[in-house]
Amino acid sequence: MEVSRIRALRGPNLWSRHTAIEAIVSCSEAECSIERMGEFESRLRQRFPEIGALRPDGQSDSINMAHVLELAALALQAQAGCPVTFSHLAATPEKGIYQVVVEYTEEVVGRRAFQLAQDLILSAENDTAFNLEEALAELHELDEDVRLGPSTGAIVEAAVARGIPFRRLTEGSLVQFGWGSKQRRIQAAEMDNTSAIAESIAQDKELTKRLLHAAGVPVPHGRPVNDADDAWAAAQEIGLPVVIKPQDGNQGKGVTVNITTEAHTRIAYAAAAAISDEVMVERYLPGHDYRLLVVGDQLVAAARRSPPSVIGDGVHTVRQLVDEVNLDPRRGDGHATSLTKIRLDDIAHARLAIQGYTAESVPAKGARVILRNNANLSTGGTATDVTDDVHPELAARAVAAAQMVGLDICGVDIVCESVLRPLEVQGGGVVEVNAAPGLRMHIAPSYGKGRDVGKAIIENMYPDNDNGRIPVIAVTGTNGKTTTVRLTAHIMTSSGLRVGMTNTDGVYVNGQQIDSGDCSGPRS
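Remember, it's a predicted structure, so these values are computed and weren't measured experimentally.

## Some thoughts on the overall build of the chain
Right, so step 1: Counting its regular elements, the chain contains 15 helices and 23 strands.
Right, so step 2: Projected onto its principal axes, the C-alpha positions of the chain cover 85 × 70 × 40 Å.
Right, so step 3: Looking at the chain residue by residue over its 524 residues, the buried ones come to 48%.
Right, so step 4: Restricting the contact set of the chain to residue pairs at least 6 apart, pairs at least 24 apart contribute 63%.
Right, so step 5: Accessible surface computed for the chain: about 25400 Å², of which carbon and sulfur atoms make up 50%.
Right, so step 6: Side-chain charges of the chain comprise 50 positive and 67 negative groups, with the mean position of each set lying 4 Å from the other.

Below is the structure:
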């Protein structure tokens, strides 16, 4: 079997609307019927039992090697966790030559699955070893590395549901929606019309607080500090307890809250300084930690975040309890899963010490042991949806905070006793405004109803059910194609539309020639 001309079909194509790998496969006379190849099928199933049926029930036609390759490439991806279902085999007019088409969700994974399927077949053919577990692990890890994260993925899925075309511009989170003048771009949960100035303001927590305070949005009092001694001095000025955090951090990295001692202050300063050269101390606001998601001028989701914690059973140590919690399949490293594994780092050890524990302590049955006070999901916290409970005045404060900074998609962090009442009546405040906020706590909260925040973002980018597409008219025939195209373009231009056309003279956009030559054929 020889595989040639492997190419990626990165959109709707002759075979389906799925992205797919297409290859030309040449089979020898013997390979046109695997029944002639002795024990090949049984050896194949020994190496890959999950490959499934090679022929539909009730069908007795011969199976060729190209069909085996098709099914193996699809099944390897499916077993590795990729959501793929489509494959197709088409015979060409030339005997023994086939077109094999296999769906992929990530191109590099699809290509690698094709290679591994060939290795599997060769192994079964020559009766040599094939490490299925290693192959599936490789595909799974590759898929984890290259697929879109939950935030970007939710927006892309909402676009696909609306029929809006998309393509990834990089291996990261930069995605383009639509074509031509209707194209829009996102990077993670950040729109293309969000200014660099707005993002810069959101990164500077001290500047953000000053702007919000000027707009009448409640914020906690605080100031930047230069070193650990200055941090302790600021804590005494402001009044304990305090919060210490990087001035330009994100995702809760380096943030320590409810600090009450000098020793804890120094540990917290070191953690913040490891993230940023600029550190600030601010008043600690008692209450729950809430994240409100603002898109445009609307509050679209809200979640109460709880800090990472374990519940004692009177038998296991804190470390063992953390290990047990981390076994939850929803917890992982990074942002691919709905929850993040809890870490026993210096901040966790300091928080344990305040409660009279160490990592080796055995908490009493039912005792709740908090591992850190900040409740970001990225540090192991959990989220409960409270969108339906938010008071209209509190929602208006969140929208005002986002608009003051200038963010189109904004995560507003609020600390207060309850979202059922306005901030001012309960002494709450806005503690942070975040550009490119994580969406996973709203998409798949630990408790409560998930919110379709991707849909809200797409509706903001493409209002009035716009699908981001440019209508295309294709003209075919023997004579008069260019004349017909010119007449059609002239009629549309006269109607006030911006028109592009290709013909035997070149490419024209809005009446201006941007390329010359015969651009009328399929190669153009």
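## Some remarks on the layout of surface pockets
Right, so step 1: Empty space within the second largest pocket amounts to approximately 1100 Å³.
Right, so step 2: Contributing to the lining of the second largest pocket are 32 residues, with Ile 470, Pro 471, Val 472, Ile 473 and Gly 500 lying nearest its centre.
Right, so step 3: The set of elements that each furnish at least two residues to the lining of the second largest pocket consists of helix H15 (481-494), strand E21 (500-503) and strand E22 (506-509).
Right, so step 4: Here the lining of the second largest pocket is built from residues that sort into 18 nonpolar, ten polar and four charged.

## Notes on the sheet that holds strand E9 (residues 242-246)
Right, so step 1: As summarised here, the arrangement of the four strands in space is E8-E11-E9-E10, forming an open sheet in which the pairing is antiparallel. If you trace the sheet from one side to the other, it starts and ends with strand E8 (222-225) and strand E10 (256-259), each paired once. Here the average twist between neighbouring strands, direction ignored, is 25°.
Right, so step 2: The pairing of E9 with strand E11 (residues 279-283) spans five bridges and is classified as antiparallel.

## Structural notes on the domain arrangement of the chain
Right, so step 1: If you check the domain split of the chain, you get domain 1 (2-146), domain 2 (221-283), domain 3 (288-457) and domain 4 (471-523).
Right, so step 2: Once you take the C-alpha centre of each, domain 2 and domain 4 turn out to be 64 Å apart.

## Thoughts on empty space enclosed by the protein
Right, so step 1: Under the definition given, this model contains two cavities of 30 Å³ or more.
Right, so step 2: The space that makes up the largest cavity amounts to roughly 50 Å³.
Right, so step 3: Forming the boundary of the largest cavity are Ala 202, Lys 205, Thr 208, Lys 209, Leu 212, Val 219, Val 430, Val 431, Glu 432 and Val 433.
Right, so step 4: Within the residue set of the lining of the largest cavity, elements represented by two or more residues are helix H7 (205-214) and strand E20 (429-435).
Right, so step 5: Residues that form the lining of the largest cavity fall into these classes: six nonpolar, one polar and three charged.
Right, so step 6: Taken as a whole, the second largest cavity encloses approximately 40 Å³ of empty space.
Right, so step 7: Taken together, Val 255, Thr 256, Val 257, His 264, Ile 347, Arg 351, Arg 372, Asn 373 and Asn 374 form the lining of the second largest cavity.

## Structural notes on the sheet that holds strand E19 (residues 409-416)
Think of a sheet as strands paired side by side through backbone hydrogen bonds, with each pair either parallel or antiparallel.
Right, so step 1: The five strands are arranged E18-E13-E12-E19-E20 in an open sheet whose pairing can be described as antiparallel. Two strands in the sheet have a free side with no partner beyond their single neighbour: strand E18 (382-385) and E20. On average, each strand axis in the sheet is tilted by 30° relative to the strand beside it, whichever way the strands run.
Right, so step 2: Here strand E12 (residues 288-295) pairs with strand E13 (residues 298-306) via seven bridges, running antiparallel. Bridging from a neighbouring strand, Asp 289 pairs with Arg 305 of E13.

## Re the pattern of salt bridges
Right, so step 1: For the structure shown, the criterion picks out 31 salt bridges.
Right, so step 2: The shortest N-O distance in the salt bridge between Arg 5 and Glu 22 comes to 2.8 Å. Linking Arg 5 in strand E1 (residues 2-9) with Glu 22 in strand E2 (residues 20-26), this pair joins segments that are 17 residues apart in sequence.
Right, so step 3: Between Arg 47 and Asp 127 there is a salt bridge; the shortest N-O distance is 2.9 Å. Here the residue Arg 47 occupies a position in helix H1 (residues 40-47), and Asp 127 occupies one in the loop between helix H3 (107-126) and helix H4 (132-146), the gap between them amounting to 80 residues.

Conventions used here
- Residues numbered from 1 in each chain as written.
- Predicted model: local features only at pLDDT ≥ 70, side-chain atom pairs only at ≥ 80, totals over all residues.
- Heavy atoms only, no water.
- Helix = DSSP H or I, 4+ residues; strand = E, 2+ residues; numbered from the N terminus.
- Buried < 20%, exposed > 50% of the residue type's maximum accessible area, 1.4 Å probe, protein only.
- Contact = heavy atoms within 4.5 Å.
- Areas by Shrake-Rupley, 256 points an atom, 1.4 Å probe, with all protein chains shown as cover.
- Lys, Arg positive; Asp, Glu negative; His and termini not counted.
- Charge placed at Lys NZ, Arg CZ, Asp CG, Glu CD.
- 1 Å grid on protein atoms, 1.4 Å probe; cavity = no way out; pocket = protein on both sides within 12 Å on 5 of 7 lines; lining within 4 Å.
- Points joined across faces, edges and corners; volume = space filled by probe spheres on them.
- Nonpolar A, V, L, I, M, F, W, Y, C, P; charged D, E, K, R; others polar.
- Pairing = 2+ DSSP bridges.
- Axes fitted to C-alpha atoms, helices over the stretch in contact; angles between N-to-C directions.
- Domains from an automatic or database assignment.
- Salt bridge = Lys/Arg side-chain N within 4 Å of Asp/Glu carboxyl O.

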